[in-house]
Amino acid sequence: MGRGLHHDLCQQLDKSFEQGLCAVSTSASNGRKLIRALRAGHVISPAPQLYVRAEDWSILKPDQRHRSVVRSLAKLHPTWVFSHASAAIMHGLYVSYSLLDHVHVLTSRRANSPSNGIIERHKRAHIEWVVIEGVRVTPIARTAFDCLRTYDFRSSLAIADSTLRVLHQTNDQLVSTFGTFSRRFKNWQRAANIAVFADRRSESGGESVARAVMIEQGYLIPNLQVVVENTVDGGVYRADFCWQLGNHNRVLGELDGHEKYTNPLMTKGRDVVEVLTDERLRESRVSIYGDKILRFSYADVMNVRRFRSLLDAYGVPSGYAVPAVADPLDPMNRRAIRPF
């Protein structure tokens, strides 16, 4: 039980948190208790009329926080339709944490409700939605379209890649779907141009961003999830990235992330030492082919100068034309994105 909180309020906060929700007022009396708890510093309010213990909120990742807020707001406002990054999160797409500072909601063109605080409203003549976890959100293809015409290249490519993974589509199919939307929408062409570079083989938002930076910097776009046979022990390995060099050798790129060492689905019951040992063994087996193994972190990717130095040191081909949509000088591409 939280110190200074009524027993019933503790139960309400605990139950809401267990359900992936924030607590909301259930009556005038309950609302006054929540407001007093807020003023006393026992709870925080991540959005209007939503309450949660600060210690509970602190253990959630930004994407989990955003889902909690969206689901809770949907209970307060059942007719709201969520869009852009908020819909993308509900669809399970790769969304940069930097896109989660606001909750995106659609309104009719006649509505007078302006954006305020955490709520960002977008007017639309015709609103379509699907229901996910009891929340009305824009359909996934429309969600991707709105995101790609709104956000920077790196964030957009991650969303496009994951859209293809969820839909089991090719980038050509996604471009074709965008063609069914009116070209009168602002930045329609931008969305279509980014979709051209989408690849459903990308297995994480970090991998997508790394590839986006490569494209921005004029490097050869790598092949993804390339299978490498283990001729010593049998079986196969997969490399996150692969560049074919002119001398018939290759550079195999591996993006290191915390999940590879902490996510049970990826560690398969192994501890960190076992995972690292297996990685070293894998690299020793792969080296039999003469391939270079380039390991880098998300922090390396975000430090473009260092990332370029790594790519150059391993001989990754460069000097390719940078598409206008990926030009780092484009004002839309200046967002400092945070990890996934």
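Residues numbered from 1 in each chain as written. Predicted model: local features only at pLDDT ≥ 70, side-chain atom pairs only at ≥ 80, totals over all residues. Heavy atoms only, no water.

Participant: Report on the confidence of the model for the chain, specifying residues and quantitative values.
Facilitator: It should be kept in mind that the predicted coordinates are not to be read in detail where pLDDT is low. The share of residues in the chain with pLDDT of 70 or more is 85%, and the mean pLDDT across the chain is 88. Low pLDDT (under 50) marks residues 261-267, which in the prediction has 13 contacts with non-local residues, meaning those over four places away or in another chain. (pLDDT = per-residue confidence, 0-100. Contact = heavy atoms within 4.5 Å.)

Participant: Provide a residue-level description of the sheet that holds strand β9 (residues 292-297), including the pertinent values.
Facilitator: In space, the four strands of this open sheet follow the order β6-β7-β8-β9, with mixed pairing throughout. Lying at the two open borders of the sheet, with one neighbouring strand each, are β6 (223-229) and β9. Recorded for the sheet is a direction-independent mean angle of 45° between the axes of neighbouring strands. In this sheet, strand β8 (residues 250-256) lies alongside strand β7 (residues 236-244) in antiparallel orientation, the contact comprising four bridges. Bridging across to β8, Cys-242 finds its partner in Leu-252. Contacts from helix α10 (residues 205-216) reach β6, β7, β8 and β9, with the element oriented near 20° to β7. (Pairing = 2+ DSSP bridges. Helix = DSSP H or I, 4+ residues; strand = E, 2+ residues; numbered from the N terminus. Axes fitted to C-alpha atoms, helices over the stretch in contact; angles between N-to-C directions.)

Participant: Summarise unusual backbone geometry; cite the residues concerned and give the values.
Facilitator: The residue Gln-49 is not glycine, and still its phi comes out positive at about 75°. Along the chain, the position of Gln-49 falls in the loop between α2 (28-39) and α3 (54-58). In this structure Gln-49 comes out as partly exposed when scored by relative accessible area, which is 46%. One non-glycine residue, His-84, lies in the positive phi region at around 50°. For His-84, the position within the fold is in helix α5 (residues 84-90). Its relative accessible area of 3% is what places His-84 among the buried residues. (Buried < 20%, exposed > 50% of the residue type's maximum accessible area, 1.4 Å probe, protein only.)

Participant: Residues and numbers for the pattern of salt bridges, please.
Facilitator: Counting across every chain of the model gives 16 salt bridges. A salt bridge links Asp-199 to Arg-201; the shortest N-O distance between them is 2.8 Å. Ionic pairing is found between Asp-291 and Arg-250, a salt bridge with its closest N-O pair at 3.0 Å. Here Asp-291 is found in the loop between α13 (272-286) and β9, whereas its partner Arg-250 is found in strand β8, with 41 residues between them in sequence. No difference in accessibility class separates Asp-291 from Arg-250, as the two residues are buried. (Salt bridge = Lys/Arg side-chain N within 4 Å of Asp/Glu carboxyl O.)

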